[in-house]
Amino acid sequence: MKIGFDNEKYLKIQSEHIRERIAQFDRKLYLELGGKLFDDHHASRVLPGFKPDSKLRMLAQLRDELEIVIVVSAEDIEKNKIRADLGITYDEDVLRLREEFMDRNFMVGSVVITHYNGQHTADQFRHRLERMGIKSYVHYLIDGYPHNVELIASDEGFGKNDYVETSRQLVIITAPGPGSGKMAVCLSQLYNENKRGIRAGYAKFETFPVWNLPLKHPVNIAYEAATADLNDVNMIDPFHLEAYDKIAVNYNRDIEIFPVLTALFEGIYGENPYKSPTDMGVNMVGFCISDDEVCCNASRDEIIRRYYDATNKMADGIDNEREVNKILMLFNQAKISTAYRRVTVAAQAKQELTGHTSSAMELEDGTIITAKSSPLLGCSAALLLNATKHLAGIDHEAKLIPQRFIEPIQKTKIDYLGGRNPRLHTDEVLVALSVLSKDDEQCQQALAQLPRLQGCQVHSTVMLSEVDRKIFKKLGCGLTCDPVRKK
């Protein structure tokens, strides 16, 4: 697909900017890392050219200067909180993150358990870390946090927390998810470093909203759509406007907490080194957009994708009407409707024409491929076959998988596995193609086209199974579905 973001420029200037921020303090910077580090697919969708692991690759340029501290809340451990995208608990994700970082030769210094109040499960997790040879520290609940500044910035507040021993000048503070207490760990460390004569610094590394894009730029609206369930709101940073007479975009939670942070900084240092919440950030993404129109179009697509995600959840019985209504409001701001998404219109037109559930895919050159369900194939499986045949130059009428080959698979699904739907799913079609490709050159050619589906857009007039959704995700396709359950 068309590229709108200069990834190499980003890797260069982002790492340089972080080094500049380190130099502003006593060669010690605590950097709170928001958002996803390994797989930032939202950024790669709205900024075509941004690689999902760009932040990790950028930090790799600072590898010898940094160490990582992973934060997890004792309350989340106690609640057995699950990461929805991975299906694992937060404490298990701490271990996963540590292993992922260490596999990439990053130094992981320790784990901090926050919001600690004697929870038994947190103690068990800490013993587990000890047995694994992993350093751990605890940070306690502080009455009145974050507003009781006098108590927080004292020996009875931050002073009661374990001092996290670090050895490098850049300390990345990350966590399995939001609400883990990353900022509090950073501020606690500033207090305890200051007591030891070190004037350490704090900065925040979040990609969105992009501070130097307009408030209603589609990239920033897409961020609001992505966080509609949290009801985050992008806002003009009033502190930045007052201090510099310049417009910068931030979001409500950072703006609301800034007066409290100012009071905390004054309690620790006697002054706040920052004049606005935007000042605290180190995000350089906005300087690396190479084609604004490409990013705008991709962001509009993303807003629509988020709408379908939300309506699909509602169709599954989740009470998220507020989320859906918020995204519909964002449609008005972005001046779009679902009809902006070409594959949505094509899939729905195919269904009206054929009377069968249908799907559509937009290829890299803008070509639209459609398919409908049949007694043999689901509409998504048929779409994969049609798209790969088109890309390989194979006649549309060619039957890559003979009916005599499909029927035994259907028999196994229904008679032996107790299934209700005899149609082949996308994974079953790909396995069948793989088996046939040993002796069939056309099947070989079709399979060879799969990498070309990366970045293609797909829409289905029916909610696809988890299997089909995962296949399109693995192929790198942007999938949306009408909020209609299969009958």
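Worth saying up front: this structure is predicted, and the values here are computed from it rather than measured.

A.B. asks: Would you mind showing me how to read the side chain of Lys55 here?
C.D. replies: Here Lys55 is to be found in helix H3 (residues 54–60). Excluding anything up to four places from it in sequence, Lys55 contacts Tyr10, Gly34, Gly35, Lys36, Leu37, Asp40, Phe50, Phe205 and Thr207.

A.B. asks: Can you help me understand the sheet that holds strand E11 (residues 358–362) in this one?
C.D. replies: Strand pairing in a sheet relies on backbone hydrogen bonds, with the paired strands running either antiparallel or parallel. With mixed pairing, four strands are arranged side by side in an open sheet as E12-E11-E13-E14. At either end of the open sheet lies a strand with only one pairing partner, and these are strand E12 (368–372) and strand E14 (478–481). Averaged over all pairs of adjacent strands, the angle between their axes in this sheet comes to 15°, without regard to strand direction. Pairing geometry for E11 and E12, over five bridges, is antiparallel.

A.B. asks: Honestly, the nonpolar core in this entry has me stumped. Any pointers?
C.D. replies: Generally speaking, nonpolar side chains in soluble globular proteins are found buried as a group. Formed by 102 residues in total, the largest nonpolar core has its most connected members in Leu47, Phe101, Leu170, Leu190 and Ile303. Ranked by the residues each element gives to this core, the list is headed by helix H11 (residues 252–269), at seven residues. Among the nonpolar cores identified, the runner-up in size contains 40 residues, and Ala432, Leu436, Val458 and Leu479 belong to it.

A.B. asks: What is the right way to look at the sheet that holds strand E8 (residues 201–205) in this model?
C.D. replies: One open sheet holds the six strands; their spatial order is E6-E5-E2-E7-E1-E8, and the pairing between them is parallel. The open sheet terminates on both sides in strands that have one partner only, identified here as strand E6 (136–140) and E8. On average, each strand axis in the sheet is inclined to that of its neighbour by 25°, with strand direction left out of account. Sheet topology note: the strand E2 (residues 66–73)/strand E7 (residues 170–174) ladder contains five bridges and is parallel. Note that in E7 the partner of Val69 across the bridge is Ile173. Sheet strands in contact with helix H6 (residues 120–131) are E2, strand E5 (108–116) and E6, and its direction is about 170° off that of E5.

A.B. asks: Just checking my understanding: could you explain the environment of Leu33 for this structure?
C.D. replies: Residue position: Leu33 is located in strand E1 (residues 29–33). You can call Leu33 buried: its relative accessible area is 2%. With 142 residues separating them along the chain, Leu33 and Ala175 place their C-alpha atoms 8.2 Å apart. If we ignore the near neighbours within four places in the chain, the residues touching Leu33 are Ile172, Ile173, Thr174, Lys182 and Phe205.

A.B. asks: Looking at this structure, I do not really get the packing of aromatic side chains. What am I missing?
C.D. replies: Under the definition given, this model contains 16 aromatic pairs. Ring plane angle 65° and centroid distance 6.5 Å describe the contact between Phe25 and Tyr274, whose orientation is recorded as edge-to-face. Taken together, the positions of Phe25 in the loop between helix H1 (7–23) and E1 and Tyr274 in the loop between H11 and helix H12 (277–280) put the pair 249 residues apart, joining distant regions of the chain. Residue Tyr274 is classed as buried on the basis of its relative accessible area of 6%. An angle of 75° between the planes, with centres 6.2 Å apart, marks the rings of Phe265 and Tyr274 as edge-to-face. Look at Phe265 and you get buried, because its relative accessible area is 1%. Each member of the aromatic cluster is reached from another via a ring pair, and the members are Phe25, Tyr202, Phe265, Tyr269 and Tyr274. Positioned above the aromatic ring of Phe106, the side-chain terminus of Arg63 is 4.9 Å from the ring centre. Geometry around Tyr163 places Arg196 over its ring, the cationic atom sitting 3.8 Å from the centre.

A.B. asks: Help me understand the pattern of salt bridges in this model?
C.D. replies: Where side chains of opposite charge bring their charged atoms close, a pairing between them can arise. For the coordinates displayed, the defined rule picks out 29 salt bridges. One salt bridge connects Asp40 with Lys55, and the closest N-O pair in it is separated by 3.1 Å. Of this pair, Asp40 sits in the loop between E1 and helix H2 (41–46) while Lys55 is found in helix H3, placing the two residues 15 residues apart along the sequence. One exposure class covers both Asp40 and Lys55, and it is buried.

A.B. asks: Would you mind showing me how to read H11 here?
C.D. replies: An α-helical turn contains 3.6 residues, so a residue and the one three or four places further along point in the same direction. The end-to-end C-alpha distance of H11 is 26 Å, a good match for the 26 Å that 18 residues give at a rise of 1.5 Å each. Of all the bends in H11, the greatest reaches close to 45° and is centred on Phe258; the proline Pro259 follows between one and four positions later. When we look at burial in H11, the residues that qualify are Asn252, Asp254, Ile255, Phe258, Val260, Leu261, Thr262, Leu264, Phe265, Ile268 and Tyr269. Backbone geometry just downstream of H11 places Gly270 in the positive-phi region, at approximately 95°.

A.B. asks: When you look at the pairing of E5 in this model, what are you seeing that I'm missing?
C.D. replies: A regular strand places its side chains so that they alternate between the two faces of the sheet. Where burial is concerned, most of E5 is hidden: seven out of the nine residues are buried. Pairing of E5 with E6, which is carried by four bridges, proceeds in the parallel orientation. Following the sheet pairing, Ile113 is matched in E6 by Val138. Taken together, E5, H6 and E6 form a β-α-β motif whose crossover is right-handed.

A.B. asks: Would you explain the packing of helix H9 (residues 218–226) against helix H14 (residues 321–334) in this entry?
C.D. replies: For any two helices packed against each other, one specifies the crossing angle of their axes together with the interaxial distance. Two elements in contact, H9 and H14, have axes whose closest approach is 9 Å; the angle formed by their N-to-C orientations is 170°. Taken as axis vectors, H9 and H14 run roughly antiparallel relative to one another. Contacts between H9 and H14 involve Ile221, Glu224 and Ala225 from the former and Lys326, Ile327, Leu330, Gln333 and Ala334 from the latter. Counted by class, the contact of H9 with H14 contains five nonpolar, one polar and two charged residues.

A.B. asks: Please explain the layout of surface pockets as it appears in this structure.
C.D. replies: In this approach the atoms are scanned with a rolling probe the size of a water molecule, which exposes any empty space left behind. Its boundaries defined by the atoms lining it, the second largest pocket holds a volume of some 490 Å³. Along the walls of the second largest pocket sit 20 residues, with Ser374, Leu377, Ala382, Asn386 and Lys399 positioned nearest its centre. Contributions of two or more residues to the lining of the second largest pocket are made by E12, helix H16 (379–392) and helix H17 (403–416). Tallied by class, the residues present in the lining of the second largest pocket amount to 10 nonpolar, five polar and five charged.

A.B. asks: Would you mind going over the state of the cysteines with me for this structure?
C.D. replies: Every disulfide links exactly two cysteines, by a covalent bond between their sulfur atoms. Summed over the entire model, instances satisfying the criterion amount to zero disulfides. Free cysteine Cys288: the closest other cysteine sulfur is in Cys295, separated by 11 Å. Residue class for Cys288 comes out buried when judged on its relative accessible area of 1%. Note on Cys296: no disulfide assigned, nearest cysteine sulfur contributed by Cys295 at a separation of 7.2 Å.

Rules and cut-offs
- Residues numbered from 1 in each chain as written.
- Predicted model: local features only at pLDDT ≥ 70, side-chain atom pairs only at ≥ 80, totals over all residues.
- Heavy atoms only, no water.
- Helix = DSSP H or I, 4+ residues; strand = E, 2+ residues; numbered from the N terminus.
- Contact = heavy atoms within 4.5 Å.
- Pairing = 2+ DSSP bridges.
- Axes fitted to C-alpha atoms, helices over the stretch in contact; angles between N-to-C directions.
- Core = buried A, V, L, I, M, F, W, Y, C linked by side-chain atoms within 4.5 Å.
- Buried < 20%, exposed > 50% of the residue type's maximum accessible area, 1.4 Å probe, protein only.
- Phe/Tyr/Trp six-rings, centres within 6.5 Å; stacked < 30°, edge-to-face > 60°.
- Lys NZ or Arg CZ within 6 Å of the ring centre and 35° of its normal.
- Salt bridge = Lys/Arg side-chain N within 4 Å of Asp/Glu carboxyl O.
- Expected span 1.5 Å × (residues − 1).
- Bend = angle between axes of the 7 residues up to and from the residue.
- Right-handed = clockwise from strand over helix to strand, strands pointing away.
- Parallel < 35°, antiparallel > 145°, perpendicular 65-115°, else oblique.
- Nonpolar A, V, L, I, M, F, W, Y, C, P; charged D, E, K, R; others polar.
- 1 Å grid on protein atoms, 1.4 Å probe; cavity = no way out; pocket = protein on both sides within 12 Å on 5 of 7 lines; lining within 4 Å.
- Points joined across faces, edges and corners; volume = space filled by probe spheres on them.
- Disulfide = S-S within 2.5 Å.

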